[in-house]
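Architecture at a glance
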Amino acid sequence: MKARGTLLIGYDVERIPGRVPGEKWVGQALAENTAEMFLEAALRIHQEVGVPATLFVVGCKIERLRPQLEACLASGWFEIAQHTHEHYPLKTVVEESPDNVYLPGLPFDRIEEQLARPVELLRRCLGVSCQGVTAPYSHYRGLADRPEILEIIARHGMRYVRSCGRNSRDYFPLGWDVQPFWYDRQGFPELLETPMQGWIDAQWRREHGWANWAAYHAYLKEQVDRVADAGLCWSHCQHDWTSVLYDEPLDWTRKFLQYAAERLQLMTHGDFYQQMRRPGSPAAARDLDCGAATDARPH
Ligand SMILES: [Zn+2]
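All values reported here derive from a predicted model rather than from experimental measurement. (Residues numbered from 1 in each chain as written. Predicted model: local features only at pLDDT ≥ 70, side-chain atom pairs only at ≥ 80, totals over all residues. Heavy atoms only, no water.)

**Brief notes about helix H2 (residues 34–49)**
Note: α-helices contain 3.6 residues per turn, so residues at a spacing of three or four share the same orientation. Our working definition: Note on conventions: DSSP H or I runs of at least 4 residues are helices, E runs of at least 2 residues are strands, and numbering of each starts at the N terminus. Any helix carries an expected span of 1.5 Å times its number of residues minus one. Relative accessible area decides the class of each residue, using a 1.4 Å probe on protein chains only: under 20% of the type maximum gives buried, over 50% gives exposed, and in between gives partly exposed.
The terminal C-alpha atoms of H2, which comprises 16 residues, lie 22 Å apart, in line with the 22 Å expected from a rise of 1.5 Å per residue. Listed as buried for H2 are Thr34, Ala35, Glu36, Phe38, Leu39, Ala41, Ala42, Leu43, Ile45, His46 and Val49. Glycine 50 lies just past H2 and shows a positive phi near 75°.

Shown next as structure tokens:
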């Protein structure tokens, strides 16, 4: 029997007026209250369609967005996790792309604070135990080459990381052969990576026109079909500011959710983690295969 495809929707709630996103990069000004507007519309459409999602919120906005986040939690459709405290890159990004973007990673001695403060704020403001983090800008190989950052994430009680989003050119799209994996080689066998394959919404839409929702929607539907046909797992990323740009009521996002809900199982990242941990799950079987492969390797 073919495995059913899985869609994990993760919205990055990250608008920090004056800094995130860079308005020069976007090419236009964005509303100061983008995050509030987005959360209110997202709650409405997820209730209408009846599908779950994860909100990855920057820590520095948690107190201000508390009423909207509380309403999302109360609906039962949302998991809340974090997108670091202030949205600085955890690793250096060196794109080979039309823009050749270069973003220096945060010095290591500032990383723990960026990961620990949202955990504390989510607990104090919302009573939420933070299960995961999505890395700003995403990275080639995720955090597979930064075990010292994985150690901080695991030590603060998180179970999953969404940090793989770029290919070997440190750009997009990330290939579909990159599927969820455990950071066992790095010494964290209970820490799961959930990659964001394909194009990140912000980059696709910047290259094809921010107002060009119809073409972006067609692109997303193709990816849903691909995930359904091959029984893959896809962590799809949208942002607060991209979602409301030229679509304040989130009509296009609602259409995408409806299309996906008919073809895929939709889960929060936290629920997907729990599914992967269950004995007898495809993930558990895959662990055994990996173990056999490791044993067979010459020493
Ligand atoms: Zn972000």
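Moving on from the coordinates now.
**Some remarks on the coordination of the zinc ion**
Here is the rule we go by: Keep in mind that water is not among the atoms, so a site may look incomplete; donors are the N, O and S atoms within 2.8 Å of the metal, or 3.2 Å for Na, K and Ca.
Listed as protein donors to the zinc ion are Glu14 (OE), His83 (NE2) and His87 (NE2); their distances from the metal cover 1.9 to 2.1 Å. If you list the donors of the zinc ion from N- to C-terminus, the spacing comes out as E-x68-H-x3-H. Taken together, the residues glutamate 14 in the loop between strand S1 (6–13) and helix H1 (23–26) and histidine 83 in the loop between strand S3 (78–82) and strand S4 (93–94) connect sequence positions 69 residues apart. Judged by its relative accessible area of 1%, histidine 83 is buried.

**Description of the packing of helix H7 (residues 213–230) against helix H9 (residues 251–261)**
Between two packed helices, what matters for the description is the angle formed by their axes and the separation of those axes. Rule in force here: To get an axis, a line is fitted to the C-alpha atoms, and for a helix only the part in contact is used. The angle between two axes follows their N-to-C directions and goes from 0 to 180 degrees. Roughly parallel covers angles under 35 degrees, roughly antiparallel covers those over 145, roughly perpendicular covers 65 to 115, and oblique covers all other angles. Note: crossing handedness is left-handed where the near helix turns anticlockwise from the far helix by less than a right angle, and right-handed where it turns clockwise. Contact criterion: two residues are considered in contact whenever any of their non-hydrogen atoms come within 4.5 Å of each other. Charged means Asp, Glu, Lys or Arg here, nonpolar means Ala, Val, Leu, Ile, Met, Phe, Trp, Tyr, Cys or Pro, and polar covers whatever is left, Gly included.
At a closest axis distance of 10 Å, the pairing of H7 and H9 adopts a crossing angle of 20°. Judged on the interaxial angle alone, H9 and H7 are roughly parallel. Classified by chirality, the crossing of H9 by H7 is right-handed. In this structure, H7 contributes Trp213, Ala214, His217, Leu220, Lys221, Val224 and Asp225 to the contact, and H9 contributes Trp252, Thr253, Lys255, Phe256, Tyr259 and Ala260. Counted by class, the contact of H7 with H9 contains eight nonpolar, two polar and three charged residues.

**Overview of the layout of surface pockets**
Stated formally: Cavity and pocket criteria rest on a 1 Å grid covering protein atoms alone: a 1.4 Å probe that fits but cannot get out defines a cavity, protein on both sides within 12 Å along at least 5 of 7 lines defines an open pocket, and an atom within 4 Å of a point defines a lining residue. Grid points are joined across faces, edges and corners, and a volume is the space filled by probe spheres set on the points.
Looking at the largest pocket, its volume works out to about 540 Å³. Of all elements in the fold, only H1, strand S6 (132–140), helix H6 (201–208) and strand S10 (233–239) reach the threshold of two or more residues within the lining of the largest pocket. The leading source of residues in the lining of the largest pocket is S6, at five residues.

**Focus on the side chain of lysine 91**
Under the convention used in this document: Contacts described as polar in this section are N or O atom pairs within 3.5 Å, which, within protein, must combine one atom able to donate a hydrogen with one able to accept it, while residues neighboring in sequence count only if both atoms come from side chains.
Note that lysine 91 resides in the loop between S3 and S4. Among the polar contacts made by the side chain of lysine 91, one reaches the main-chain carbonyl oxygen of glycine 142 at a distance of 2.8 Å. A polar side-chain atom of lysine 91 sits 2.8 Å from a polar atom in the side chain of aspartate 145.

**Focus on empty space enclosed by the protein**
In this structure the tally under the stated criterion is one cavity of 30 Å³ or more. Reported here for the largest cavity is a volume of approximately 40 Å³. Taken together, Met196, Gln197, Trp199, Ile200, Trp234, Ser235, His236 and Cys237 make up the lining of the largest cavity. Its residues assigned to classes, the lining of the largest cavity comprises five nonpolar, three polar and no charged.

**Some remarks on the packing of H2 against H9**
For the pair H2 and H9, interaxial distance at closest approach is 10 Å and the crossing angle is 30°. Put simply, H2 runs roughly parallel to H9. The chirality of how H2 crosses H9 is right-handed. Facing H2, whose interface residues are Arg44, Ile45, His46, Glu48 and Val49, H9 presents Thr253, Arg254, Leu257 and Gln258.

**Thoughts on H7**
With 18 residues, H7 extends 26 Å between its outermost C-alpha atoms, agreeing within 8% with the 26 Å of an ideal straight helix rising 1.5 Å per residue. Buried residues of H7: Trp213, Tyr216, His217, Tyr219, Leu220, Gln223, Val224, Val227 and Ala228, and no others. Elements that come into contact with the buried residues of H7 comprise S1, H6, S10, helix H8 (240–244) and H9. Directly after H7, the chain includes glycine 231, whose backbone phi takes a positive value near 65°.

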